[in-house]
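Chain and residue survey
What follows is the residue order along each chain.
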Amino acid sequence: TAEEALRSITSPGTRVQSGRFELDFEYREIGGGREHDLTQLSGSFECGCKADVPKFDIAVTGHNEDGYRDKGDDTAYRIVSTGEKGLVGDDEALYEANQGPFKGIAAIRATVASGPLANQPDFDVARWVTDPRIVGTDTLDGVEATHVRGDLSARRVASDVVKLLRADSTSAAVDVPQGTVRTVERAIATSRVDAWVGSDRVVRRLELRVRAGDIPRPLREANDAPRGSFRLSFRLSDVNKPGLVDSPGPVSSEPAAKGMGAGTARAAQTNLAVGALLVNSPTSFAGTTGLVARLLNAGQQGKGAKQSAKAVADGK
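Read on for a plain summary of the structure. Everything numeric here is computed off the predicted structure, so don't read it as measured data.

Quick notes on the side chain of Ser281
Within the secondary structure, Ser281 is located in the loop between α7 (262-278) and α8 (285-301). When residues no more than four places from it in sequence are discounted, the contact partners of Ser281 are Lys50, Arg109 and Thr288.

So, in structure tokens, the structure goes:
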């Protein structure tokens with residue numbers, strides 16, 4: 001059924017331990033300076049135990065504009081995890097990343113995999129979608145996939161996330177402002193989801209389109225108009241095939257900041273740590289939402305990534 005297909009997005013029929021993926025996130029301002037931002041990630045991953053840091057090789061490209069008539073900045077880099085070491089660079093050269101945050105992520109994963117977040121019940125995606133319906137079938141990645149479409153309820157999504165964060169009783173719990181659900185419901189004008197779920201109950205493609213009609217001022221850049229459209233596109237292929245992450249090749253002895261530029265190296269190392277945490281997360285989608293909220297909270301209270309990682313791993 002459409003509801004069963006939607007639930008498979010966060011609760012697949014079989015554990016996905018390897019694959020290739022493409023993820024695009026696009027924002028277009030409506031009115032104002034008509035800003036257009038785009039982030040694209042593509043690559044492959046392999047995972048062992050959920051407590052282990054996954055292997056992956058991911059290319060990241062982005063285009064970011066700022067304000068009226070800004071031509072924008074383009075960025076491109078590569079983040080690689082061998083499971084034991086993190087590397088950043090591009091197709092021509094790789095550099096050893098700062099291993100402090102990377103090792104901190106390993107500690108977090110091991111702690112979370114054996115803690116209460118690992119047993120956090122997942123979100124019911126079918127509850128979020130109003131009037132879900134099957135609109136056809138397609139063959140994707142060699143399997144027959146059911147195409148489901150429906151409107152996403154901003155109120156139900158926000159209610160479930162707020163309930164999760166407020167139920168987190170750790171000292172790193174996030175203070176959720178009063179009226180958050182109403183703010184989200186007012187900001188989101190329309191939201192539609194399309195999902196293609198294989199006969200093995202693994203999602204092969206996901207499209208989310210959101211139109212915002214009244215983005216609150218604190219949640220947008222100073223020069224942005226209150227209206228905009230967002231699109232998220234995800235594709236998964238070669239599910240559970242072995243040998244998808246190749247050997248990274250030679251690593252330069254130069255510092256990453258020298259070879260890539262300081263700004264790009266910082267961005268690459270940040271997303272390397274994010275990938276090490278989120279790929280094959282040690283908990284459910286809902287638990288991961290709580291984990292990320294804890295980490296952001298610890299980052300605001302701590303003095304750096306390494307200290308924040310230790311604080312979260314220690315349950316603080």
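Here's the deal with the sheet that holds strand β3 (residues 55-64)
The antiparallel open sheet is built from 11 strands, whose spatial order is β6-β5-β4-β3-β2-β1-β11-β10-β9-β8-β7. At either margin of the open sheet sits one strand with a lone partner, and together these are β6 (94-96) and β7 (129-140). Across this sheet, the average inter-strand angle for adjacent strands is 15°, counted without regard to direction. Bridging between β3 and strand β4 (residues 73-81) involves nine bridges; their strand directions are antiparallel. Note that in β4 the partner of Asp57 across the bridge is Val80.

A word on the environment of Leu41
Note on placement: Leu41 falls in strand β2 (residues 36-46). Between the C-alpha atom of Leu41 and that of Gln120, which follows or precedes it by 79 residues, the distance is 28 Å. Leaving out residues up to four positions away in the same chain, Leu41 has contacts with Phe21, Glu22, Leu23, Ile58, Ala59 and Val60.

Side note on the nonpolar core
With 31 residues, the main nonpolar core has Phe45, Phe56, Ile79, Val88, Leu236, Met260 and Leu272 as its most contacted residues. Elements represented by at least two residues in this core include exactly β3, β4, α2 (99-113), α6 (256-260) and α7. With six residues, α7 is the single largest residue contributor to this core. In this structure Ile79 touches Phe56, Asp57, Ile58, Val60, Leu87, Val88, Ala268, Asn271 and Leu272, once residues within four positions along its chain are discounted. The next biggest cluster of nonpolar side chains, apart from the first, holds 12 residues, and it includes Ala5, Ala126, Val129 and Val193.

Focus: the packing of α2 against α7
α7 packs onto α2 with a crossing angle of 20° between their chain directions and a minimal axis gap of 9 Å. As the angle between them shows, α2 and α7 are arranged roughly parallel. Once α2 is placed against α7, the crossing between them reads as right-handed. Taken together, the residues of α7 that come into contact with α2 (itself represented by Phe102, Ile105, Ile108 and Arg109) are Leu272, Ala273, Ala276, Leu277 and Leu278. For the contact of α2 with α7, the class distribution of residues is eight nonpolar, no polar and one charged.

Let's talk about the packing of helix α4 (residues 154-167) against helix α5 (residues 180-187)
Taken N-terminus to C-terminus, the directions of α4 and α5 make an angle of 150°; their axes are 9 Å apart at the nearest point. As judged from the angle between their axes, α4 and α5 are roughly antiparallel. In this structure, the crossing between α4 and α5 has a hand that is right-handed. Taken together, the residues of α5 that come into contact with α4 (itself represented by Ala154, Arg155, Ala158, Ser159 and Val162) are Thr180, Val181, Val184 and Glu185. Tallied by class, the residues present in the contact of α4 with α5 amount to five nonpolar, two polar and two charged.

Looking at the pattern of salt bridges
Scanning the entire structure with this criterion turns up 17 salt bridges. The shortest N-O distance in the salt bridge between Arg78 and Asp57 comes to 2.9 Å. Residue Arg78 is found in strand β4, and its partner Asp57 is found in strand β3; the two are separated by 21 residues along the sequence. Note on Arg78: relative accessible area 14%, which makes it buried. Look at Asp57 and you get buried, because its relative accessible area is 19%. For Arg204, the salt bridge is made with Asp141, and the minimal N-O distance between the two is 3.2 Å. A residue pair is termed long-range when its members are at least 10 positions apart, and Arg204 in strand β10 (residues 203-212) and Asp141 in the loop between β7 and β8 (143-152) qualify at 63 residues.

Quick word on the packing of aromatic side chains
Per the stated rule, a full pass over the model turns up five aromatic pairs. Judged by centre distance (6.2 Å) and plane angle (35°), the ring pair of Phe25 and Phe230 falls under tilted. Of this pair, Phe25 sits in strand β1 (residues 18-29) while Phe230 sits in strand β11 (residues 228-237), and the two are 205 residues apart along the sequence. Note on Phe230: relative accessible area 27%, which makes it partly exposed. Their ring planes at 40° and their centres at 5.0 Å tell us that Tyr27 and Phe230 sit as a pair that is tilted. A residue pair is termed long-range when its members are at least 10 positions apart, and Tyr27 in strand β1 and Phe230 in strand β11 qualify at 203 residues. Connected via pairs of aromatic rings, a cluster forms that spans Phe25, Tyr27 and Phe230.

What counts as what
- Here the residue numbers are simple positions, counted from 1 along each chain's written sequence.
- Confidence filtering applies because this is a predicted model: local features only for residues at pLDDT of at least 70, side-chain atom pairs given and counted only at 80 or more, and all residues used for totals across whole chains, interfaces and linings.
- Values reported for side chains reflect all heavy atoms of the structure, with hydrogen atoms and water molecules removed beforehand.
- Each helix corresponds to a stretch of at least 4 residues labelled H or I by DSSP, and each strand to a stretch of at least 2 residues labelled E; elements are numbered beginning at the N terminus.
- In this description, contact between two residues means that some pair of their heavy atoms is separated by no more than 4.5 Å.
- DSSP bridges decide pairing: two strands pair if at least two such bridges lie between them.
- Throughout, an axis means a line fitted to C-alpha atoms (over the contacting stretch in the case of helices), and angles, computed between N-to-C directions, take values from 0 to 180 degrees.
- The nonpolar core is taken to be a set of buried Ala, Val, Leu, Ile, Met, Phe, Trp, Tyr and Cys residues, with the residues joined through side-chain atoms within 4.5 Å.
- With a 1.4 Å probe rolled over the protein chains alone, any residue whose accessible area is under 20% of its type maximum counts as buried; one over 50% counts as exposed, and the rest are partly exposed.
- For classification purposes, an angle smaller than 35 degrees is called roughly parallel, one larger than 145 roughly antiparallel, one from 65 to 115 roughly perpendicular, and anything else oblique.
- The crossing is said to be left-handed when, going from far helix to near helix, the turn is anticlockwise and less than a right angle, and right-handed when the turn is clockwise.
- Amino acid classes used here: Ala, Val, Leu, Ile, Met, Phe, Trp, Tyr, Cys and Pro are nonpolar; Asp, Glu, Lys and Arg are charged; the rest, including Gly, are polar.
- One side-chain nitrogen of Lys or Arg within 4 Å of one carboxyl oxygen of Asp or Glu is enough to make a salt bridge.
- Pairing of aromatic rings covers Phe, Tyr and Trp, the last through its six-membered ring, and needs centres within 6.5 Å; plane angles under 30 degrees mean stacked, over 60 mean edge-to-face, and all others mean tilted.

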